[in-house]
Amino acid sequence: MNSSRRHYLTAAAIFIAAGWLANAVVLPPSPTRAAPAAIPATALWWNWLGGLRPLGANFAWLQLQGTWARGDVAGSVALIRLATGFQPESLYFWAGGVRMLAFDLRSRSQPGADDAALRRAAGQLLEEARGWHEDNPHYWIERAGVELHAFGDVGSAGESYRRAALLPGAPYHAARLHAQLLVRQGRLQEAHDWLRRLQPTLPPDDPRAQAELVGRRIRQLERLLGRPADEPQDEL
């Protein structure tokens, strides 16, 4: 059994045992207690962990730094899985794990490592995170960055920025990046229409919104298209 596998099993055993003890002694069973609705019923071992799941996730993440620094792909994947399994409701572990697989481990991995396999693992992790964070705009922004810079998929990245921009609490730049990627695909009219719909929603006194920049980009697109679109635009 290699060292990374031993780390994985040792960490799992320690925190399952500690969580079971916490539930049995500190939080004795009660007929009114139920597992949180967000935790799948099939993952019964999460119930044993009780309130120690965040501690387990952080422990796994600390262990991951060593395997990552050595370029140990198998060990890093195992520990990423352990951290996200302990605390799947935290986007931090999903996003950090995906970045390691998609970017860092490809440059640090041992000779002969399969870049395509690392990209597939990153994509699979992204899809699993979606089940927990689909309504979080920052998930879609993280996804877009990986799709664009690791996978070279401009169309998918643009769609992810669009989905981020439509969610409550989305940072302003998500909508602008969606428009930029439409332009990169030659979809100038779509980019223009998107920015025309975006412009009235931007507060002019908030520098983060960059309303003036959006106005300039609209005018640039109108020049490229050769015809301003003056008709009213639907809301985003």
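Look up a bit, the structure's there.
Residues numbered from 1 in each chain as written. Predicted model: local features only at pLDDT ≥ 70, side-chain atom pairs only at ≥ 80, totals over all residues. Heavy atoms only, no water.

Draft legend 1. Focus on the overall build of the chain. Within the chain, the regular secondary structure consists of eleven helices and zero strands. Walking the chain from its N terminus toward its C terminus, one meets helices and strands in the order α-α-α-α-α-α-α-α-α-α-α. When each of the 236 residues of the chain is scored for burial, the buried share is 40%. Taking contacts inside the chain between residues at least 6 apart in sequence as the whole, the part at least 24 apart equals 64%. (Helix = DSSP H or I, 4+ residues; strand = E, 2+ residues; numbered from the N terminus. Buried < 20%, exposed > 50% of the residue type's maximum accessible area, 1.4 Å probe, protein only. Contact = heavy atoms within 4.5 Å.)

Draft legend 2. A look at the packing of aromatic side chains. Per the stated rule, a full pass over the model turns up four aromatic pairs. Geometrically, the ring pair formed by W61 and Y92 is tilted, given 5.7 Å between the ring centres and 55° between the ring planes. Separated by 31 residues along the polypeptide, W61 in helix α3 (residues 53-69) and Y92 in helix α5 (residues 91-108) bring together distant segments of the chain. Residue W61 is classed as buried on the basis of its relative accessible area of 10%. Given the relative accessible area of 55%, Y92 is considered exposed. A ring pair is formed by Y92 and F93, whose centres lie 5.3 Å apart and whose planes are at 80°; its orientation type is edge-to-face. Clustering of aromatic rings is evident, with ring pairs tying together W61, Y92 and F93. (Phe/Tyr/Trp six-rings, centres within 6.5 Å; stacked < 30°, edge-to-face > 60°.)

Draft legend 3. Broad picture of helix α6 (residues 115-133). An ideal rise of 1.5 Å per residue puts 27 Å on 19 residues; α6 measures up with 26 Å between its terminal C-alpha atoms. Burial in α6 covers these residues: L118, A121, A122, G123, L125, L126, A129 and H133. (Expected span 1.5 Å × (residues − 1).)

Draft legend 4. Quick look at the environment of A60. Turning to its location among the elements, A60 is positioned in helix α3. The class for A60 is buried, based on a relative accessible area of 0%. Along the primary structure A60 and A78 are separated by 18 residues, whereas in three dimensions their C-alpha atoms are 9.4 Å apart. Those residues in contact with A60 that lie beyond four places of it in its chain are L79, L82 and A83.

Draft legend 5. Region of the structure containing the packing of helix α8 (residues 154-165) against helix α9 (residues 173-184). As a packed pair, α8 and α9 sit with axes 8 Å apart at the nearest point and diverge in direction by 155°. By the criterion of interaxial angle, the relationship of α8 to α9 is roughly antiparallel. Both α8 and α9 take part in a crossing whose hand is left-handed. Across the interface between the two elements, V154, A157, G158, Y161, R162, A164 and A165 from α8 touch A174, A175, L177, H178, L181 and R184 from α9. Of the residues contributing to the contact of α8 with α9, the split by class is nine nonpolar, two polar and two charged. (Axes fitted to C-alpha atoms, helices over the stretch in contact; angles between N-to-C directions. Parallel < 35°, antiparallel > 145°, perpendicular 65-115°, else oblique. Left-handed = near helix turned anticlockwise from the far one by under 90°. Nonpolar A, V, L, I, M, F, W, Y, C, P; charged D, E, K, R; others polar.)

Draft legend 6. Here's a closer look at the environment of A165. Take A165: it is sitting in helix α8. Residues A165 and I141, 24 residues apart in the sequence, show an inter-C-alpha distance of 8.9 Å. Setting aside residues up to four positions removed in sequence, A165 forms contacts with A170, A174, A175 and W194.

Draft legend 7. Just the packing of helix α7 (residues 137-149) against α8, in detail. Remark: α7 packs on α8, axes separated minimally by 8 Å, with the N-to-C direction vectors making an angle of 165°. If you check the angle between α7 and α8, you find them roughly antiparallel. Seen from above, α7 lies across α8 with left-handed handedness. Residues P137, W140, I141, R143, A144, G145, E147 and L148 of α7 pack against V154, S156, A157, S160, Y161, R163 and A164 of α8. Of the residues that constitute the contact of α7 with α8, the class distribution is nine nonpolar, three polar and three charged.

Draft legend 8. Geometry of the pattern of salt bridges. Per the counting criterion, the structure on display carries ten salt bridges. For R143, the salt bridge goes to E147, with nearest N and O atoms at 2.9 Å. In this pair, R143 and E147 are both assigned in helix α7, four residues apart and thus about one turn of the helix distant. Here R143 falls in the buried class, since its relative accessible area comes to 11%. On the basis of relative accessibility, which here comes to 7%, the residue E147 falls in the buried class. Across the pair R208 and D206 runs a salt bridge, and its minimum N-O distance is 3.0 Å. A network of salt bridges, in which partner residues are shared, links E127, R143 and E147. (Salt bridge = Lys/Arg side-chain N within 4 Å of Asp/Glu carboxyl O.)

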